[in-house]
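Residues per chain are reported as follows:
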Amino acid sequence: MDQVTPQHVVVMTGATAGLGAHAVQRIAAQPSTRVIVGARGSNPSVPRGVEVVPLDLSSLAGVRAFADEVTRQLGDARIDILVLNAGTQTASIEGRSADGFELTFAVNHLAHYLMIRLLLPHLADHGRLVITTSDTHDSPMAPKTLEPQELAHPTKTGFGAGIRAYPASKLCNILTAYSVLALDEVKARGIEVIAFNPGLTGGTSLGRDASRARKFFVRLLMGTLFRVLGLFRPQFVRGTAERSGEMLAEVSLGNIAPPPGKIYVSLVKGEATFPDPSELARTRDAQDQLWRESAVMVGIQ
Ligand SMILES: NC(=O)c1ccc[n+]([C@@H]2O[C@H](COP(=O)([O-])OP(=O)(O)OC[C@H]3O[C@@H](n4cnc5c(N)ncnc54)[C@H](OP(=O)(O)O)[C@@H]3O)[C@@H](O)[C@H]2O)c1
């Protein structure tokens, strides 16, 4: 009788462009690995053999439909690795999700929060959850206090409001990672949780929806100020999508792991470092508050 090779199941968002496209190539090249990617659009680009299930993170109903379809297709199989890498950066707080939430918060945080809540019961024991965050969560543009309602329905407009939405959403990713890790179910089942920061990465399409003026300004900053800063602060040195993707794959596959007790893997000049996230990200009250309020927002009690 033929032996059936057990398959590793990887489910991933944000695999159709940027660093995620490089990561998924590497992940899909592993032997006996089944990869299911959530992607929007009629003809998403994924490597051969990778399965696509429709997903638009700007709709909570879309996330629910995705989770239903993935679990239906998996049947009794479990997800070994869940990689939540999709992200958007619009530099505006004008956009709204299908459910009326500020778009950056909705796509980067709420949709992934709901996906975790729906797919966690289907994660294998000793499985791995990787959430892509950003070191901008700990930058001067990041919030100093957590106000989930303000992030979901912004009232404070004015200069910089749009720019601040992105680091705030990435702070939410880390707060969520800590909350997941604190769950009894996660501890009991030995599930690993990692928040991954690719660091400043060129050659991706993040920020593609920004205005032309902003794109020009960012290019100018990269070519001038960031180059000078990079001489003194290595985190300002821009990496490539290839390297960031390779490292996301290595982290997802368990080949790179933070030391015990840590959850944050942060690339500096393309190499993994394991610093502590911001103090706010490590604050238990903020983690609990975001978890509770997000549950209400997505309709889970
Ligand atoms: N680039 C950087 O400097 C940098 C630094 C720190 C952290 N990050 C984080 O790294 C991750 C990947 O970013 P990237 O730079 O590679 O950006 P990217 O090239 O724009 O890729 C973003 C990915 O997210 C997907 N996505 C965005 N909105 C979506 C939606 N509504 N529904 C479904 N999928 C959606 C995109 O799908 P489509 O192909 O359909 O657009 C794409 O696959 C993000 O979480 C980002 O925040 C990036």
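Up top is the structure.
Let me begin by describing the structure that accompanies this report. (Residues numbered from 1 in each chain as written. Predicted model: local features only at pLDDT ≥ 70, side-chain atom pairs only at ≥ 80, totals over all residues.)

Residue position: Gly-87 is located in the loop between strand E4 (79-84) and helix H3 (103-119). Between the C-alpha atom of Gly-87 and that of Ser-58, which follows or precedes it by 29 residues, the distance is 11 Å. Excluding residues within four positions of it along the chain, Gly-87 makes contact with Gly-14, Asn-108, Thr-132 and Leu-206. (Helix = DSSP H or I, 4+ residues; strand = E, 2+ residues; numbered from the N terminus. Contact = placed C-beta atoms within 7 Å.)

By secondary structure assignment, the location of Glu-94 is in the loop between E4 and H3. Taking the C-alpha atoms as reference, Glu-94 lies 30 Å from Gly-245; in sequence the two are 151 residues apart.

Moving on: the sheet that holds strand E9 (residues 264-268). A sheet is described by the order of its strands in space; here eight strands give the open sequence E3-E2-E1-E4-E5-E6-E9-E10, paired in mixed fashion. Sheet topology places strand E3 (51-54) and strand E10 (271-273) at the edges, where each strand pairs with a single neighbour. Between one strand axis and the next, the sheet turns through 25 degrees on average, direction left out of account. Alignment of E4 against strand E5 (residues 123-132), held across five bridges, turns out to be parallel. Bridge assignment links Ile-81 to a residue of E5, and that residue is Arg-128. (Pairing = 2+ DSSP bridges. Axes fitted to C-alpha atoms, helices over the stretch in contact; angles between N-to-C directions.)

Looking at the secondary structure, you find Ala-98 in the loop between E4 and H3. Among all residues touching Ala-98, those that are not within four sequence positions of it are Ser-58 and Ser-59.

Another point: the site of the ligand. Of all residues adjacent to the ligand, which total 29 residues, the nearest are Gly-18, Ala-86, Gly-87, Thr-204 and Leu-206. Counting residues per element, the shell around the ligand draws most heavily on helix H1 (residues 18-28), at three residues. Residues that form the shell around the ligand fall into these classes: 11 nonpolar, 16 polar and two charged. (Near = placed C-beta within 6 Å. Nonpolar A, V, L, I, M, F, W, Y, C, P; charged D, E, K, R; others polar.)

One can describe the packing of helix H2 (residues 60-74) onto H3 by two numbers: an axis separation of 10 Å at closest approach and a directional angle of 30 degrees. Classified by the angle between their axes, H2 and H3 sit roughly parallel to one another. Viewed along their axes, H2 and H3 form a crossing whose handedness is right-handed. For the pair H2 and H3, contact is made by Leu-60, Val-63, Arg-64 and Ala-67 and by Ala-111, Leu-114, Met-115, Leu-118 and Leu-119, respectively. (Parallel < 35°, antiparallel > 145°, perpendicular 65-115°, else oblique. Left-handed = near helix turned anticlockwise from the far one by under 90°.)

A few words on helix H5 (residues 161-182). Quick reminder: α-helices carry 3.6 residues per turn. Residues three or four places apart thus point the same way. The end-to-end C-alpha distance of H5 is 31 Å, a good match for the 32 Å that 22 residues give at a rise of 1.5 Å each. In terms of burial, H5 is a largely internal element, 18 of the 22 residues being buried. (Expected span 1.5 Å × (residues − 1). Buried ≥ 20, exposed ≤ 12 C-beta atoms within 10 Å, placed from the backbone.)

Bear in mind that shape data such as this cannot, by itself, settle questions of function.
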